[in-house]
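Coordinate inspection notes
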Amino acid sequence: MRLFRLFLLGLLANLFMQELHAQDFYPSQRTWDKTRIQNQKFSWKYLANQNFEVYYFGKNEPLARTTLQILDADFQRITNLLSYTPYQKTRIFVYPSGNELAQSNSGISYASAQEAEDENRAKFRIEIAYQNQYQAYKQNLLKQLSQVYLHDILYGGSIKDALQNSLLLSVPEWFTAGLSAYLATGETAQMNQYMYQVVVANKVRKPVLARGIEAEFIGQSIWSYIAKTYGANQIGNIVNLTRIIRNEQSSISSTLRKPIAKFLKEWFEFYVSEAKQYDVNVQDVAKKSLLSFDMTKGEQLRDAQLSPDGKWFVYLLDDSGRFRVVLKSLTGNVTKEVFRTGLKDPLRKETSVVPLVQWAANQDLYIVSNQDGKSFLHVFQWTKQALKVSSKRNLGEVRFLDFELNTNAQRMLVRSFKQGQVDVGIYDVRRNRLTPITQDANQETEAHWWGNDGDLVYVTDRISDSTYLKEKGMLALKHWRAEDPANSKELFVHKGVIRNVRPLSDSLIYFINENATGNELVSYHAKDQKLYQTIVKSGDWSAFRWIGDQLLVQNRSILADQIQLYDTKSLASIPSYLWYPMLPDTSSAVQQPLVNEENKRVTDVRKSRIERQQALRLRKDSNRLMGPLDYQNSFVLNGSEGNFKIDPIRGLGYSMDVKMKDLLENHLFKVGGYVSANIKNVDLWGEYNYLANKIDWTLRVDRKILDQETEAFSQKIRYNRVELKAVYPINLLSKLSVSGMFTNNRAFDQYNLSTPEDVSSYVGGRLAYTFDNTVHVAENLQTGFRFLTGIEFQKSLKQTSFTRITLDARKYLKISNSLFLATRVSASQSVGNAATQTLLGGMDNWLFIDREARNKENPLGTNGIAQRDVFMSDFATSLRGFKMNKLSGNSHLLLNIELRVPLKSLLGASYTKSQFLNTFQMVGFFDTGTAWTGATPFTRSNGFNTNIYGGNTNPFKATVTDFRNPFLFGYGLGARANVVGYFIKLDYAYGIENDEIKSPITYLTLGHDF
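Only a predicted model underlies this, so the values are computations on that prediction, with no experimental measurement involved.

All right, on to the sheet that holds strand E7 (residues 312–319) then. Across a sheet, paired strands are connected by hydrogen bonds in the backbone, their directions being either parallel or antiparallel. The four strands are arranged E6-E7-E8-E9 in an open sheet whose pairing can be described as antiparallel. Two strands close off the open sheet at either side, each with one partner strand: strand E6 (300–306) and strand E9 (335–341). Strand-to-strand twist of the sheet, defined as the mean angle between neighbouring strand axes without regard to direction, takes the value 20 degrees. Summarising the sheet, E6 and E7 pair through six bridges and their orientation is antiparallel. Paired with Gln 300 across the bridge in E7 is Asp 318.

For the rest of this paragraph, the subject is helix H2 (residues 61–82). Taking 1.5 Å of rise per residue, the 22 residues of H2 would be expected to cover 32 Å, and the 30 Å separating its terminal C-alpha atoms lies within 8% of that figure. Largest kink in H2: about 40 degrees, centred on Asp 74. At the C-terminal side of H2, Ser 83 shows a positive phi close to 50 degrees.

Take the pattern of salt bridges next. It is possible for side chains of opposite charge to pair when their charged atoms get near one another. Within this structure, the stated rule accounts for 52 salt bridges. Where Asp 772 meets Arg 786, a salt bridge forms, and the shortest distance between an N and an O atom there is 3.3 Å. One end of the pair, Asp 772, is in strand E38 (residues 758–772); the other, Arg 786, is in strand E40 (residues 781–796), and 14 residues separate them in sequence. Residue Asp 772 shares its accessibility class with Arg 786, and that shared class is buried. Overlapping salt bridges, with partners in common, bring together Arg 880, Glu 898, Arg 900, Asp 927, Arg 976, Asp 987 and Asp 1009 in one network.

Moving on, we get to the layout of surface pockets. By volume, the second largest pocket is sized at about 1,100 Å³. If you go around the second largest pocket, you meet 44 residues; those closest to its centre are Asn 99, Glu 100, Asn 370, Asp 372 and Gly 373. At the level of elements, helix H3 (98–101), strand E11 (365–371), strand E15 (411–418) and strand E36 (714–729) are the ones that each hand at least two residues to the lining of the second largest pocket. In terms of residue count, the dominant contributor to the lining of the second largest pocket is E11 (three residues). Within the lining of the second largest pocket, the residues separate by chemical class into 13 nonpolar, 20 polar and 11 charged.

Turning our eyes to something else, we now look at the pairing of strand E51 (residues 982–993). Note that strand E50 (residues 968–979) and E51 share 12 bridges and pair antiparallel. Of the residues in E51, the one forming a bridge with Ala 977 is Ile 984. Once E50 ends, the chain turns through two residues before running back antiparallel as E51, passing Val 980 with a positive phi of about 45 degrees. Bridge analysis of E51 against strand E53 (residues 1001–1006) gives six bridges, and the strand direction is antiparallel. Bridging from a neighbouring strand, Asp 987 pairs with Tyr 1003 of E53. Where E51 meets strand E52 (residues 996–997), two bridges bridge the pair, whose relative direction is antiparallel. What sits directly across from Glu 993, in E52, is Glu 996.

Throughout the structure, instances matching the rule amount to 49 aromatic pairs. Ring geometry for Tyr 55 versus Phe 93: centroids 4.5 Å apart, planes at 10 degrees, classification stacked. Within this pair, whereas Tyr 55 is found in strand E2 (residues 52–57), its partner Phe 93 is found in strand E3 (residues 90–95), the two being separated by 38 residues in sequence. Classification of Tyr 55 by relative accessible area gives buried; the value is 4%.

About the thresholds
- Residues numbered from 1 in each chain as written.
- Predicted model: local features only at pLDDT ≥ 70, side-chain atom pairs only at ≥ 80, totals over all residues.
- Heavy atoms only, no water.
- Pairing = 2+ DSSP bridges.
- Helix = DSSP H or I, 4+ residues; strand = E, 2+ residues; numbered from the N terminus.
- Axes fitted to C-alpha atoms, helices over the stretch in contact; angles between N-to-C directions.
- Expected span 1.5 Å × (residues − 1).
- Bend = angle between axes of the 7 residues up to and from the residue.
- Salt bridge = Lys/Arg side-chain N within 4 Å of Asp/Glu carboxyl O.
- Buried < 20%, exposed > 50% of the residue type's maximum accessible area, 1.4 Å probe, protein only.
- 1 Å grid on protein atoms, 1.4 Å probe; cavity = no way out; pocket = protein on both sides within 12 Å on 5 of 7 lines; lining within 4 Å.
- Points joined across faces, edges and corners; volume = space filled by probe spheres on them.
- Nonpolar A, V, L, I, M, F, W, Y, C, P; charged D, E, K, R; others polar.
- Phe/Tyr/Trp six-rings, centres within 6.5 Å; stacked < 30°, edge-to-face > 60°.

Geometry only, nothing functional implied.
Written as structure tokens, this is what we have:
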């Protein structure tokens, strides 16, 4: 009955947890803590208004003000589209580059990046780094803001609503990812071009089956179609109805009054018509495809550069932060990697700084990379038909966003990011000196040499014409002359996005204009100061390089980034027409869809409600800008976790822990406890982590109680430990930890108080090295390698001591999408006159744990009463096919091999809201291991096969060796799945002992595999 009550209590507690995890209190479920390296000490300040708080450090106030301007400019538009008003401020932490963001401790207390993202959204928090382009920064910022607001609409509100929606509401990826993209950028060329290509090829995937960038494009197109056809006000209606009825398809059907199948058919036909219209207005030309890269997996194409002689090109590949520069011949099959930098970290892609690549006129290759906040210039020269590094120069702490060499490669035209703003300048390579050209808060998005006299052209949002000063989204192409540096000439002004500017001569400049339907190739002719559009099919072009009579183009075909080579002669045959920049007074207004009277009434009601809500907020908090203000540490509850725990010594119980942190997660507090099913065994622990500097510090206090009774004896063991640990990160993959500790074990008889207490106190330390480059694939699935080795020394106050060496190595290999191989080797050895033992057998968190009754002395005892130092023992699992404590000894060796098959990969691309089906896995396994004291099992005479009979009072004594196999083997099958927040494993295993197959054992356990 007591167990049933405890189970019911735990189940009720589960309803108040968004997600629960089995605690990692066994070595096979060890927590592999994350590490961040702090190379700088940040002094934070913030700017605030009624809707946002923007945090920055150092001299990055201009970046904070720019961020605040972006948010304020689009706040009203986004909230109106969502029919939503936030009731708390959003906190945005801005970083000048990915290097600084990589030093942030944000999310370090969570098990995965997804958990950290969900927590940030729930707490109205955004972390963002400035990348190379202002437009990309703006889009990323608005996309993250939209995700925060969407999360609040769908999952926020009262505690009751949040709990219900987190359990009952699950929407497909296209719904949230596509809407976030649409709210941030509206209709884009990339989205439209993707849709044109897939509808023409008839390769449109069902929206619910789409993932990643495909889900974003499809979802963005659906929301764009709804806004165009039914009115933008329907977006908010659909989203809010989805929260109520918890089904996105029914919400669309009910709001638009159209069956979902018919709606999707009309959406498809709409883009078929749009694609045909687009193809009528452009002409395609012959081209040669050089390379293609899948956008959904593997390395991603970031840049491509054609050599001055047109015989070679280099391309830059990005594998989640690990970059490679590869050289390829256009005349042969030569392909060679010439440069590599960065670390692969799929969980924090924004923390990487992309290398910059440029050819010099003499065929040398120049690469600018960033390491630990410093820029380095690498020069590669030709040696025997190969590019070799000739020099590496430290360019200091200036961050270069892009660069371009002049004819003699003595000067670089650069865009640099310093003190929170972007400026154009000329960097003297010989003197290591940067001469600024622009020094203002405006955004310069590109800069290029023009002509042979040291002139240049650059794109900026600084507009000279006072008519357009208050207009948003205006860009100007300006001509800076070396002979008159104070006066830049404005070539033209355009309301839109122009990029990829390519001066071909003193009088001709090509560039790309981003149009909603597709990118346009436009040329500027200096002689008559006119612009012409070449109607080549360039809608999917992302970049191009023009060298002589060759044109190297980066474009996208459905979900592949391609590098293609065009012949400029065939391009010249394409007609060109006059192109006019879009200006506010000449731009055509976007045609608004017709709405009926009922929709108009709904719109008016919604508008009135929003105005009332905003008026209430304005009374509480005015719209004035406050700051800069100093950042104040404020601690918030980071959540609590409760779960069942099957202690290998004390059995079934329930544990709970509570976490607190500051906004920057430099200070983490954790407290927790455990109570067994009989209410007699209790754990209490507390932990403080200080993570603000490069060396992380942890102070932890533990107290454990073991209460045991037999018919003749009752014993209580109290275990207390205080530990101080310092962690030094060598890099993001490896770290060294040193800890000192004091441990006290106390055992006493509860029946006979006159029996003296058995007390031992240890003073010791531990040194450990950890390496971890694993990549999370899905729950209980990963790839990569993990390694942990350590040495621990404990000295008792009674002049006894022991030294323990441990090793844990794990390799995860993805064989195919449906096969994952996981292997683990675990070993330990303890020496000394107080050497501790390791208990081998069974599984972690075994719900119906069964321990082996043994005659030989072991930490769990031979008569049901454990030894005093039992809490200092180790457990070696999993060894399936045997009971817990099958073997024990001062040393152990264990090998685990698992073949994991996720069910979802076998079913193919299908969408299901069932967490059980999404996480279900089948497993085949093989375990083998042994534990011993004294001679190793590899010697002829060891503790397994050698027994001594007689002796003492017996005058006869004999040593018998039976040559038994010291290794135990286990094999079998299993299944895993996430059920109501618990990852549950079911295994059926046979054990082999001394070449004899034992009866099978069934294991029902909690928690992930190793």
